Amino acid sequence: MGLPHHASAEDRFWYFLSRGICFAVLGFLVLPIFVIIPMSFTAGNLLVFPLPGLSLRWYQNILNGDAWIDAAKNSLFIGLSSTALAMALGTLAATGLSRMNFALKPAIIGFILSPLLIPIVITAVGMYFHFADIGLSGTYLGLILAHTVLAVPFVVITVLASLEGFDNNLLRAAATLGAPPLTAFRRVTMPIIFPGIASGGLFAFVTSFDEIVVTLFLAAPTQRTLPRQILSGVREYVSPGIAAVATLLIILSALLLLTVQLLERRGRRLAGSGHIRS
């Protein structure tokens, strides 16, 4: 909320001071991340300032390196698969929970959101022993299921938020007009909550794409994801190629955050206008 036009000089002073402090803290936290970007264009072999020269050689090494390409393909395959599962399961869970009122509802929601609260190392160890017993350790299916468990809470949270002000009379009206439950959900509920589903899906994808701890426990040596490849590169030799990969990931994260903001704006417009797909 902006500053009112009739605000006093003291109010203006504290307004701009608080904004300045917020921007200073934000810059202190974020600016060190962007130091990686110019270092990725170095012509040298070390991450040093000042740069000895500018070059795209490290981006070429990444694009021509089989290890990086394979790791990116694994991350995309696992991330997209777990995101699709998380969107389906999270939407079903949120829809069911929003329509029911019973004593154990808070406990069920807490259980679904528990992967956000339990330390990731404990989750990874538990998944490792369980998946090893059922033969899923070291498989792509095991990684996808594990990442889905970590991603579902984000979809549940965003879809529950989208359903917070949903008018159930719309579904009753659709049923009165002869629409089966599945058709009513597809034509009435889905257009309204879709921004929440898509936002949860983006958070789910980022969670899977960035996951490293569970991957270290469950993945086979040949199933290297991009974070695991970065970790291996840091352990062996911190080359500017790591900075180039980090720069690409920063750009990807910025695009995803921008998409989430656009989806949230669309969701607010739909909620305000009561738009229903005909």
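Notes on the structure follow.

## Concerning the overall build of the protein chain
Looking only at helices and strands, the protein chain has 13 helices and 0 strands in total. Principal-axis analysis of the C-alpha atoms gives the protein chain an extent of 70 × 70 × 35 Å. When each of the 278 residues of the protein chain is scored for burial, the buried share is 37%. Across the protein chain, contacts joining residues at least 24 apart in sequence account for 69% of those joining residues at least 6 apart. In the form shown here, the protein chain has an accessible surface area of approximately 16,400 Å², with 70% of it arising from carbon and sulfur atoms.

## Some thoughts on the packing of aromatic side chains
Inspection of every chain in the model, using the stated rule, returns 7 aromatic pairs. The interplanar angle of 70° and the centroid separation of 5.4 Å between the aromatic rings of Tyr128 and Phe129 together place this pair among those described as edge-to-face. Relative accessible area serves as the criterion here: at 52%, Phe129 is assigned to the exposed category. Taken together through their ring pairs, the aromatic side chains of Tyr128, Phe129 and Phe217 make up a single cluster. A cation over an aromatic ring shows up here: Arg57 above the ring of Trp58, its NZ or CZ 4.3 Å from the ring centre.

## Some words on a nonpolar patch on the surface
Together, Phe13, Trp14, Leu17, Ile21, Val25, Phe28 and Leu29 give the surface a local cluster of nonpolar side chains, amounting to about 780 Å² of exposed area. Within the element layout of this structure, Ile21 appears in helix 1 (residues 9–34).

## Looking at the environment of Ile251
With respect to the helices and strands, Ile251 occurs in helix 13 (residues 240–273). By relative accessible area, which is 45% here, Ile251 ends up partly exposed. Expressed as a C-alpha distance, the spacing of Ile251 and Ile37, which sit 214 residues apart in the sequence, is 10.0 Å.

## Things to note about the environment of Phe41
Mapped onto the elements, Phe41 comes out in the loop between helix 2 (36–39) and helix 3 (57–64). Classification of Phe41 as partly exposed rests on a relative accessible area of 29%. On a C-alpha basis, the gap between Phe41 and Val159 in space is 41 Å, while along the polypeptide they are 118 residues apart. Ignoring anything within four residues of it in the chain, the contact list for Phe41 reads Gly53, Leu54, Ser55, Leu56 and Tyr59.

## Some remarks on helix 10 (residues 181–210)
Since one α-helical turn is 3.6 residues long, residues separated by three or four positions face the same way. Between the first and last C-alpha of helix 10 there are merely 37 Å, a value that for 30 residues lags more than 12% behind the 44 Å anticipated at 1.5 Å per step. If you look at helix 10, its biggest bend is around 60°, right at Met190, and the proline Pro191 turns up within four residues after that.

## Considerations on the environment of Gly233
The topology assignment puts Gly233 in helix 12 (residues 226–236). You can call Gly233 buried: its relative accessible area is 14%. Not counting residues up to four positions away in its chain, the partners in contact with Gly233 are Val238 and Ile242.

## Re the side chain of Ser75
Of note, Ser75 is situated in helix 4 (residues 66–98). According to the relative accessible area criterion, Ser75 is buried, its value standing at 4%. Setting aside residues no more than four positions away along its own chain, Ser75 makes contact with Phe209, Thr225, Leu226 and Pro227.

## Considerations on the side chain of Ser40
Mapping Ser40 onto the fold places it in the loop between helix 2 and helix 3. Ser40 gets classed as buried once you look at its relative accessible area, which sits at 0%. A polar atom in the side chain of Ser40 sits 3.3 Å from the side chain of Thr247. Sequence-distant contacts of Ser40, defined by excluding residues within four places in its chain, comprise Ser55, Trp58, Tyr59, Pro240, Ala243, Ala244 and Thr247.

Parameters and conventions
- Residues numbered from 1 in each chain as written.
- Predicted model: local features only at pLDDT ≥ 70, side-chain atom pairs only at ≥ 80, totals over all residues.
- Heavy atoms only, no water.
- Helix = DSSP H or I, 4+ residues; strand = E, 2+ residues; numbered from the N terminus.
- Buried < 20%, exposed > 50% of the residue type's maximum accessible area, 1.4 Å probe, protein only.
- Contact = heavy atoms within 4.5 Å.
- Areas by Shrake-Rupley, 256 points an atom, 1.4 Å probe, with all protein chains shown as cover.
- Phe/Tyr/Trp six-rings, centres within 6.5 Å; stacked < 30°, edge-to-face > 60°.
- Lys NZ or Arg CZ within 6 Å of the ring centre and 35° of its normal.
- Patch = residues over 30% accessible without salt bridge, like charges linked within 9 Å, V, L, I, M, F, W, Y side chains within 5 Å.
- Salt bridge = Lys/Arg side-chain N within 4 Å of Asp/Glu carboxyl O.
- Expected span 1.5 Å × (residues − 1).
- Bend = angle between axes of the 7 residues up to and from the residue.
- Polar contact = N/O pair within 3.5 Å; in protein donor to acceptor, adjacent residues only side chain to side chain.

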